[in-house]
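# Coordinate inspection notes
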Amino acid sequence: MKKYTIDKNGYYGEFGGAFVPDKLKPCIEELQNSYREIIDSSSFRKEYMTLLRDYVGRPSPLYHAERLSAKYGAKIYLKREDLNHTGAHKINNAVGQALLAKRMGKKRIIAETGAGQHGVATATVCALMGLECVIYMGQVDVERQFVNVQKMEMLGARVVAATSGNMTLKDAVNEALDEWSSNPDSYYLLGSAVGPHPYPDMVARLQSVISEEIKAQLREKEGRDYPDYLVACVGGGSNAAGTIYHYLDDSRVGIVLAEAGGKGVETGMSAATLTVGVPAVLHGSKTVVMLDENGDVAEPYSISAGLDYPGVGPLYAYMAQQKRAVTYAITDDEALAAAFELARTEGIIPAIESSHALGALSKMSLKKDDIVVLTISGRGDKDMDTFIEYKKASAM
Ligand SMILES: *Cc1c(COP(=O)(O)O)cnc(C)c1O
């Protein structure tokens, strides 16, 4: 019996489920009833794996970072999701769900996006497969993320500005879900391991190609198919889910999660949901959520748009409760320092999200023989403005 797999109602322990308004229930139930049969079928697997190889560029390398290893006194491998088409792990999920949508007979895709990374991945696969694409994005983010909006439009998507609430990611999700309930013929392509069942499980399965590859690559390089530690950053939890999927029930493997500590969890300006969150329902799932003193969902803060979310996938709420993972809240400054360190020791500029995972290395007590696999979830091109500002401020 696998402990960290959902039960038949879509729960990890007490976390998960599908808390949606009545008008969304038919959409969610249709998906619940069809996703496993489709994504487990051999014809789907074949089509999916072919696109991952020829379009995304998989398998992504497992790179032994020797100079970084020397610094931290352990054998560190980097799983290079930054080398994927569109620059991050998100494309794995987008390709998989778009194929699923097609097999469900859907011709129109709806998605939410925060900074625009998931929106660009979704617009990309919709262009690839000839699907109509509508992306919901908070008005504030539309203004902040000019280039990504231009990319989505160039790829043929329509970008709709969400103008409710704070006009950011949380509001884009709400408006996209609302639009879905009035257009049940559309497919909602969710970008992380969050939301109502079956999304957390489905996204984890589609991203699990990451740990499938890690197993084979470690077997080849180390003669054993497991590391001592896996390290990944967590926003909603999709790159982490992919990294840990095939190791969740393997107690030889330590799991280290890095969430956004912002300006420090004690300042109240963070997105460290696993550190400060409490059990509650957010976006259709029972998980841990950051709440303010009135019990409303708090406005999170992080320098990293991809980690700036007040919830987390239900798998992580359960893993934290079961003490299956060690979580560190990595501050903005720690992540920035880690980004510059990787750039200068290995010649790799990581995404600011992935830099949080790198920031966890100095918190771990590593031994010389430890094998560590750390997922670089994306590349840093999109974060150059942030890096330039940091460099100016610290005169590096
Ligand atoms: C979106 C994003 C994340 C955070 O999302 P998860 O679902 O937690 O993986 C992390 N890294 C990069 C590069 C991203 O674009």
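A short tour of the structure in this document, coming up. (Residues numbered from 1 in each chain as written. Predicted model: local features only at pLDDT ≥ 70, side-chain atom pairs only at ≥ 80, totals over all residues. Heavy atoms only, no water.)

### Focus: the sheet that holds strand E5 (residues 108-113)
- Taking strand neighbours across the sheet as the criterion, the 4 strands line up as E7-E6-E5-E8 in an open arrangement whose pairing is parallel. On the outer flanks of this sheet lie strand E7 (158-162) and strand E8 (187-188), each paired with one strand and no other.
- Bridge count between E5 and E8: 2 bridges; the pairing is parallel. Looking at the pairing, isoleucine 109 lines up with tyrosine 187 of E8. (Pairing = 2+ DSSP bridges. Helix = DSSP H or I, 4+ residues; strand = E, 2+ residues; numbered from the N terminus.)

### A short note on empty space enclosed by the protein
- Here the structure, examined in full by the defined rule, presents 5 cavities of 30 Å³ or more.
- Space inside the largest cavity adds up to approximately 520 Å³.
- At the level of secondary structure, the elements contributing two or more residues to the lining of the largest cavity comprise E5, helix H5 (117-129), helix H8 (169-182) and helix H11 (238-244).
- Sort the elements by how many residues they give to the lining of the largest cavity and H8 lands first, with 3 residues.
- Tallied by class, residues from the lining of the largest cavity come to 14 nonpolar, 19 polar and 4 charged.
- A volume near 70 Å³ is recorded for the second largest cavity.
- Residue lining of the second largest cavity: Tyr4, Thr5, Ile6, Tyr12, Asp201, Ala204, Arg205, Ala241, Ile244, Tyr245, Leu248 and Leu315, and that is the complete set.
- Of all the elements in the fold, those that place two or more residues in the lining of the second largest cavity are helix H9 (199-207) and H11.
- Tallying contributions element by element places H9 first for the lining of the second largest cavity, with 3 residues. (1 Å grid on protein atoms, 1.4 Å probe; cavity = no way out; pocket = protein on both sides within 12 Å on 5 of 7 lines; lining within 4 Å. Points joined across faces, edges and corners; volume = space filled by probe spheres on them. Nonpolar A, V, L, I, M, F, W, Y, C, P; charged D, E, K, R; others polar.)

### A closer look at the pairing of strand E12 (residues 285-289)
- Within E12, 4 of the 5 residues are buried, which leaves the element mostly enclosed by the surrounding structure.
- When strand E11 (residues 278-282) meets E12, the two strands line up antiparallel, connected through 5 bridges. Within E12, the residue paired with valine 281 across the bridge is lysine 286.
- Between E11 and E12, which pair antiparallel one after the other, the connecting turn spans 2 residues, and histidine 283 there sits at a positive phi close to 45°. (Buried < 20%, exposed > 50% of the residue type's maximum accessible area, 1.4 Å probe, protein only.)

### Details of the nonpolar core
- Judged by nonpolar contacts, the single largest core of 93 residues is most densely connected at Leu100, Trp180, Tyr187, Tyr188, Tyr199, Tyr316 and Met319.
- Ranked by size, the runner-up nonpolar core spans 32 residues in total, among them Leu307, Ala335, Leu342 and Ala357. (Core = buried A, V, L, I, M, F, W, Y, C linked by side-chain atoms within 4.5 Å.)

### Notes on unusual backbone geometry
- Geometrically, the link from arginine 58 to proline 59 is a cis peptide bond, its omega value of 0° lying close to zero.
- Backbone torsion omega between histidine 197 and proline 198 reads 20°, so that peptide bond is classified as cis.
- Note on placement: proline 198 falls in the loop between E8 and H9.
- We note that methionine 167 has phi near 60°; this positive angle belongs to a residue other than glycine.
- Tracing the backbone through its elements, the reader meets methionine 167 in the loop between E7 and H8.
- Given the relative accessible area of 28%, methionine 167 is considered partly exposed.
- Its identity is not glycine, yet histidine 283 carries a phi of approximately 45°, on the positive side.
- Mapped onto the elements, histidine 283 comes out in the loop between E11 and E12.
- Looking at histidine 283, the relative accessible area reads 10%, which means it is buried.

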